[in-house]
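Listed below, chain by chain, are the residues.
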Amino acid sequence: MNITIKRILPITRYTKRFARMSSGLSYIDVPENCQPSNLFKQWADDYKKYTHSGIVLFNLATSFKNGDVANRTLALQEISDDDGLIFHAKFNSLKVKQIEENPKASVSFLFTYTNETSNKRISQQVRMKGFIEKLPPSYSDKIFEKQPLFAKLRSVLIEEQGVPVCWEELKKKHDDLLDKVNKGEIKLKTPKQLVLYKIMPVKYDFYHANENEIGDRILFSKSKDDKWDHYHVTA
Ligand SMILES: Cc1cc2nc3c(=O)[nH]c(=O)nc-3n(C[C@H](O)[C@H](O)[C@H](O)COP(=O)(O)O)c2cc1C
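An unreviewed UniProt entry annotates the chain as pyridoxal 5'-phosphate synthase originating from Sitophilus oryzae. In UniProt, the chain has this text filed under Sequence similarities (unreviewed entry): "Belongs to the pyridoxamine 5'-phosphate oxidase family." According to the UniProt record, the Function (unreviewed entry) comment for the chain reads "Catalyzes the oxidation of either pyridoxine 5'-phosphate (PNP) or pyridoxamine 5'-phosphate (PMP) into pyridoxal 5'-phosphate (PLP)."

Written out as structure tokens, the structure reads:
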């Protein structure tokens, strides 16, 4: 029956029709004592491997105490030894004002890619709730040193995010600074506006769906004895 359809229909229409006819139920298989930070690292590593990307982005939502909420895309700089998510920010940005008033975070990662080993299209989401801590300036130096040149220049040139800018003026400042750096006249130092924060998750929500399958979800939260409990929920 399939062969007949394949002969009659062009291959793309055949694939689409097959996709419309198939279904399954995805399953997130984790051991009983699974640490959510390990599962997160494994998913992030798979995403980087199969997308050939060196960068993991996430969405961070924060709010003032009155509930005025904002979210934005950030780059994950590092995962700390105690499983915190480290990101950088500008000390006078909206997010920092919100964090200083109300250090609660809601975070979401989206990992979509084709697993080249199984040839399956994968959709994953990891959501976390947690608390945000400011890291000491020594951490800013460490992260600044690792940044590519354009990011270092951005950190130095842009003192405040979201303020009106004259593009021509900024371009001139950028080109002058780049020239001085290239000639060795200036060594870029960590600017005071670059601050580092760490999100410590207290809840994790993992979602995984293979192509043409119904997703699975696992929630992790801490039990009274400070161990991670988990259970499957509907996706
Ligand atoms: C791909 C991408 C990565 C970004 N990474 C960062 C980052 O690591 N740190 C940061 O402060 N802003 C980053 N931004 C800019 C933020 O999304 C946002 O525009 C900026 O931080 C101002 O946000 P706020 O006004 O809510 O504080 C990134 C934007 C994009 C599109």
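(A) Looking closely at the packing of aromatic side chains. Overall, the coordinates contain 13 aromatic pairs when judged by the stated rule. For the pair tyrosine 47 and phenylalanine 111, a centre-to-centre distance of 5.0 Å together with 35° between the ring planes defines the contact as tilted. Here tyrosine 47, found in helix α3 (residues 36-51), pairs with phenylalanine 111, found in strand β5 (residues 104-115); they are 64 residues apart in sequence, far enough to count as distant. For the pair tyrosine 47 and phenylalanine 111, a shared accessibility class is recorded, and that class is buried. One aromatic cluster in this structure is built from Phe40, Tyr47, Tyr50, Phe58, Phe87, Phe109, Phe111, Tyr113 and Tyr197. Looking at lysine 152, its charged tip hangs above the ring of phenylalanine 144, at a distance of 5.7 Å from the centre.

(B) Focus on the site of the ligand. The ligand sits among Leu57, Arg72, Thr73, Leu74, Ala75, His88, Ala89, Ser93, Leu94, Lys95 and Gln161. Between the ligand and the protein, one listed contact pairs an oxygen atom with a side-chain N or O atom of arginine 72 at 2.8 Å. Interatomic distance of 2.7 Å between a side-chain N/O atom of lysine 95 and an oxygen atom of the ligand. Burial of the ligand by the surrounding chains reaches 64%, relative to a free accessible area of 610 Å².

Rules and cut-offs
- Residues numbered from 1 in each chain as written.
- Predicted model: local features only at pLDDT ≥ 70, side-chain atom pairs only at ≥ 80, totals over all residues.
- Heavy atoms only, no water.
- UniProt positions renumbered as here; feature names shortened; annotations may be inferred.
- Phe/Tyr/Trp six-rings, centres within 6.5 Å; stacked < 30°, edge-to-face > 60°.
- Helix = DSSP H or I, 4+ residues; strand = E, 2+ residues; numbered from the N terminus.
- Buried < 20%, exposed > 50% of the residue type's maximum accessible area, 1.4 Å probe, protein only.
- Lys NZ or Arg CZ within 6 Å of the ring centre and 35° of its normal.
- Near = heavy atom within 4 Å.
- Polar contact = N/O pair within 3.5 Å; in protein donor to acceptor, adjacent residues only side chain to side chain.
- Areas by Shrake-Rupley, 256 points an atom, 1.4 Å probe, with all protein chains shown as cover.

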